[in-house]
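# Survey of secondary and tertiary structure
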Amino acid sequence: MASPSRTTDAATDPAPTPAPIAVPSLRARLPHAHHHLLDRRDTPRRPAWWSERATREAMDGTAAKPETKLVAGEAGYVLEDVPHLSDYLPDLPTYSNPLQDNPAYSVVKQYFVNPDDTVCQKIVVHKGGARGNHFRRAGPRQRVYFESDEVHACIVTCGGLCPGLNTVIREIVCGLSDMYGVTKILGIQGGYRGFYACNTINLTPKSVNDIHKRGGTILGSSRGGHDTMKIVDSIQDRVINQVYVIGGDGSQRGARVIFEEVRRRGLKVAVAGIPKTIDNDIPVIDKSFGFDSAVEEAQRAINAAHVEAESAENGIGLVKLMGRYSGFIAHYATLASRDVDCCLIPESPFYLEGEGGLYRYIEKRLKDNGHMVIVVAEGAGQKLFAETMKAMGQDASGNALLLDVGLWLSQKINVRLLEFSLYLP
Ligand SMILES: Nc1ncnc2c1ncn2[C@@H]1O[C@H](COP(=O)(O)OP(=O)(O)O)[C@@H](O)[C@H]1O
Ligand SMILES: O=P(O)(O)OC[C@H]1O[C@](O)(COP(=O)(O)O)[C@@H](O)[C@@H]1O
């Protein structure tokens, strides 16, 4: 996507010499927690969200087909339901929700989520059309399946980092403790392998009080190491009955197989997945946590690139942002910043040469404006150079590692600029 051109009188200036592309190194300037936005090659490999790998696997035909719990209704209504304890333990007793003792309870009209509430996949439908796919609405129910003093919960964070992980951990601990009267909450350290290979820590509202001010996850995270049997053995040995998994698509697939094993063993263990993606590429939910921070931080990088580009004749600021398979961070940061001339995202293929190509556009912007800022999402243009560079392989969780579009593009543009300088007016 290219933003509208800004016109200046730069074109009337004497022919400037092309400046090298400024790829601002903001690592030193940004708070530690945000370095990954710019270049995270030296940080633990980050995840791919379900839409990424699921899409890829669906395309390669390698996707496992888990059984989906479908409930058909009238007029084409289909509920894609969540697997639940009561599917295989039908006679479980239920209890009234302790939230009824919450001071807020009496003053709010519709306090609990109606068990039949669903969220529809498509907002826009035709009046005569089918009602389409729906999903179970999340939120507190009037009746619950655990008594407060029976609950032994655990929390694990897996896969890539995302701003807000500690806030989510804190909210689970404080919510369980203060609102549901739960006293036993374990933190599993180091991701899935922590169930069988690491220590656990007791989590209390006091111990998590300040953690939301820190980046990363206080529990640590990891890729790979999902040994379902060992994990469920550990859950059984520790008499855990609620498992909260905070993580991306890989983590949620892991949570699903844990639940399938729990079901196979007939255990009364609830497994809850809290979706994490910095990319905000999950349909149905309003916004994924961490996305706003990412966009905000990205704008700082763009701003710095703009300052550098503006200070050099024919300066180009090239900012590589996160986004393997989705350009939301790049796109939103571009729209918010107003300093970006061109935004390249994975969803929209681009090419270099010829009419409508990137080179022509760069030449025009430099002629018109004397400098420009390009934002490129990490996954943009991969097809363009995949053949000329060596494939990078996979990370420990099986996510494909991407080639560095930032480096490739800056080299390409630098070479082109040298040629371009030959025929600048
Ligand atoms: N299909 C799967 N089955 C079981 N575990 C999985 C699966 N895919 C990923 N995992 C596990 O989930 C964890 C996180 O996955 P990863 O892809 O690294 O990050 P993310 O959850 O952020 O996508 C890893 O420990 C990985 O081993
Ligand atoms: O650590 P890596 O492999 O460079 O991961 C980078 C990729 O992970 C992502 O951040 C996705 O992670 P999420 O799990 O937060 O959605 C992409 O946007 C990004 O391009």
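The structure we're discussing is the one just above.
Below is a short write-up of the structure. Since the structure is predicted, the reported quantities are computational estimates derived from the model, not experimental observations.

Looking now at the packing of helix H7 (residues 291-310) against helix H8 (residues 328-337). Helix-helix packing is characterised by the crossing angle of the two axes and by the distance between the axes. Running from N to C, H7 and H8 point in directions that differ by 55°, and their axes come no closer than 9 Å. For the element pair H7 / H8, the angle class is oblique. Where H7 crosses over H8, the two elements pack in a sense that is right-handed. In this structure, H7 uses Phe291, Ala294, Val295, Ala298, Gln299 and Ile302 to contact H8, whose residues at the interface are Phe328, Ile329, Tyr332, Ala333, Thr334, Ala336 and Ser337. Broken down by class, the residue content of the contact of H7 with H8 amounts to ten nonpolar, three polar and no charged.

The sheet built from five strands is open, its strands ordered S9-S8-S7-S10-S11 with mixed pairing. Both outer strands of the open sheet, strand S9 (200-202) and strand S11 (270-275), are each paired with one neighbouring strand and no more. The mean angle between the axes of side-by-side strands here comes to 25°, regardless of whether they run parallel or antiparallel. Sheet topology places strand S10 (residues 242-247) next to S11; six bridges connect them, and they run parallel. Paired with valine 245 across the bridge in S11 is glycine 273.

A few words now on the environment of glutamine 100. Among the secondary structure elements, glutamine 100 is positioned in the loop between strand S3 (95-96) and strand S4 (118-120). Between the C-alpha atoms of glutamine 100 and tyrosine 111, which are eleven residues apart in sequence, the distance is 8.9 Å. If near-sequence neighbours (up to four positions away) are discounted, glutamine 100 is found in contact with Tyr105, Phe112 and Gln142.

Attention now moves to the sheet that holds strand S13 (residues 342-344). To summarise the sheet geometry, strands pair through backbone hydrogen bonds and adopt either a parallel or an antiparallel arrangement. Spatial strand order, S12-S14-S13: three strands in an open sheet with parallel pairing. At either margin of the open sheet sits one strand with a lone partner, and together these are strand S12 (315-321) and S13. Strand-to-strand, the axes of this sheet are offset by a mean angle of 15°, without reference to chain direction.

On to the pairing of strand S8 (residues 184-188). Where burial is concerned, most of S8 is hidden: four out of the five residues are buried. Pairing between strand S7 (residues 152-157) and S8: five bridges, direction parallel. When the bridges of S8 are listed, valine 156 appears paired with isoleucine 188. Sheet topology places S8 next to S9; three bridges connect them, and they run antiparallel.

On to the nonpolar core, then. If you look at the biggest cluster of nonpolar residues, it comprises 43 residues, and the most contacted ones within it are Ile155, Tyr192 and Phe195. Listed by contribution, the elements that provide at least two residues to this core are helix H2 (85-88), S7, helix H3 (165-180), S8, helix H5 (228-237), S10 and helix H6 (249-265). Broken down by element, the residue count for this core peaks at seven residues, all from H3. Residues in contact with phenylalanine 195, not counting those within four places in the same chain, are Cys154, Val156, Ile188, Ile231, Ser234, Ile235, Arg238 and Val243.

Let's shift gears to the packing of H5 against H6. Direction vectors running N to C along H5 and H6 enclose 60°, while the axes themselves pass 10 Å from each other. Classified by the angle their axes make, H5 and H6 are oblique. Considering the relative orientation of H5 and H6, their crossing is right-handed. Note on element contacts: H6 touches H5 through Val257, Ile258, Glu261, Val262 and Arg265, opposite Thr228, Met229, Ile231, Val232, Asp233, Ile235 and Gln236. Partitioned by chemical class, the residues of the contact of H5 with H6 number seven nonpolar, two polar and three charged.

This brings us to H3. The end-to-end C-alpha distance of H3 is 21 Å, a good match for the 22 Å that 16 residues give at a rise of 1.5 Å each. Residues of H3 that are buried include every one of Leu165, Asn166, Val168, Ile169, Arg170, Ile172, Val173, Cys174, Gly175, Leu176 and Ser177, and no others. If you follow the buried residues of H3, they end up packed against S7, S8, S10 and S11. Positive phi shows up at glycine 181, right after H3, with a value of about 70°.

A few words now on the packing of aromatic side chains. In the structure shown here, the tally under the stated rule is four aromatic pairs. Ring plane angle 75° and centroid distance 5.2 Å describe the contact between phenylalanine 291 and tyrosine 332, whose orientation is recorded as edge-to-face. Of the two residues, phenylalanine 291 is situated in helix H7 and tyrosine 332 in helix H8; the sequence distance between them amounts to 41 residues. The partly exposed category is assigned to tyrosine 332, whose relative accessible area is 43%. Here the aromatic rings of phenylalanine 328 and tyrosine 332 are separated by 6.4 Å at their centres, their planes lie at 65°, and the arrangement is edge-to-face. Taken together, the residues span about one helical turn, with phenylalanine 328 and tyrosine 332 both in helix H8 at a distance of four residues. Site record: aromatic cluster; members linked through ring pairs are Phe291, Phe328 and Tyr332.

Before going further, it helps to examine the pattern of salt bridges. As enumerated under the stated definition, the model contains 21 salt bridges in all. The partner of arginine 253 in a salt bridge is aspartate 249, with the nearest N and O atoms 3.4 Å apart. One end of the pair, arginine 253, and the other, aspartate 249, are both in helix H6, four residues apart, so they sit about a helical turn from each other. Connected through shared salt-bridge partners, Lys69, Asp81, Asp87 and Arg136 make up one network.

A separate point is the pairing of strand S14 (residues 371-377). Of all seven residues in S14, seven are buried, a share of seventy percent or more. Because side chains alternate across S14, one face comprises the buried residues His371, Val373, Val375 and Ala377, and the other comprises Met372, Ile374 and Val376, equally buried. Inspection of the sheet shows S13 paired to S14 by three bridges, in the parallel sense. The residue of S14 that forms the bridge with leucine 344 is valine 376. The parallel pair S13 and S14, bridged by helix H9 (residues 358-369), forms a crossover whose chirality is right-handed.

Criteria and cut-off values
- Residues numbered from 1 in each chain as written.
- Chains lettered and ligands numbered in written order.
- Predicted model: local features only at pLDDT ≥ 70, side-chain atom pairs only at ≥ 80, totals over all residues.
- Heavy atoms only, no water.
- Axes fitted to C-alpha atoms, helices over the stretch in contact; angles between N-to-C directions.
- Helix = DSSP H or I, 4+ residues; strand = E, 2+ residues; numbered from the N terminus.
- Parallel < 35°, antiparallel > 145°, perpendicular 65-115°, else oblique.
- Left-handed = near helix turned anticlockwise from the far one by under 90°.
- Contact = heavy atoms within 4.5 Å.
- Nonpolar A, V, L, I, M, F, W, Y, C, P; charged D, E, K, R; others polar.
- Pairing = 2+ DSSP bridges.
- Buried < 20%, exposed > 50% of the residue type's maximum accessible area, 1.4 Å probe, protein only.
- Core = buried A, V, L, I, M, F, W, Y, C linked by side-chain atoms within 4.5 Å.
- Expected span 1.5 Å × (residues − 1).
- Phe/Tyr/Trp six-rings, centres within 6.5 Å; stacked < 30°, edge-to-face > 60°.
- Salt bridge = Lys/Arg side-chain N within 4 Å of Asp/Glu carboxyl O.
- Right-handed = clockwise from strand over helix to strand, strands pointing away.

Nothing here speaks to function; it is all geometry.
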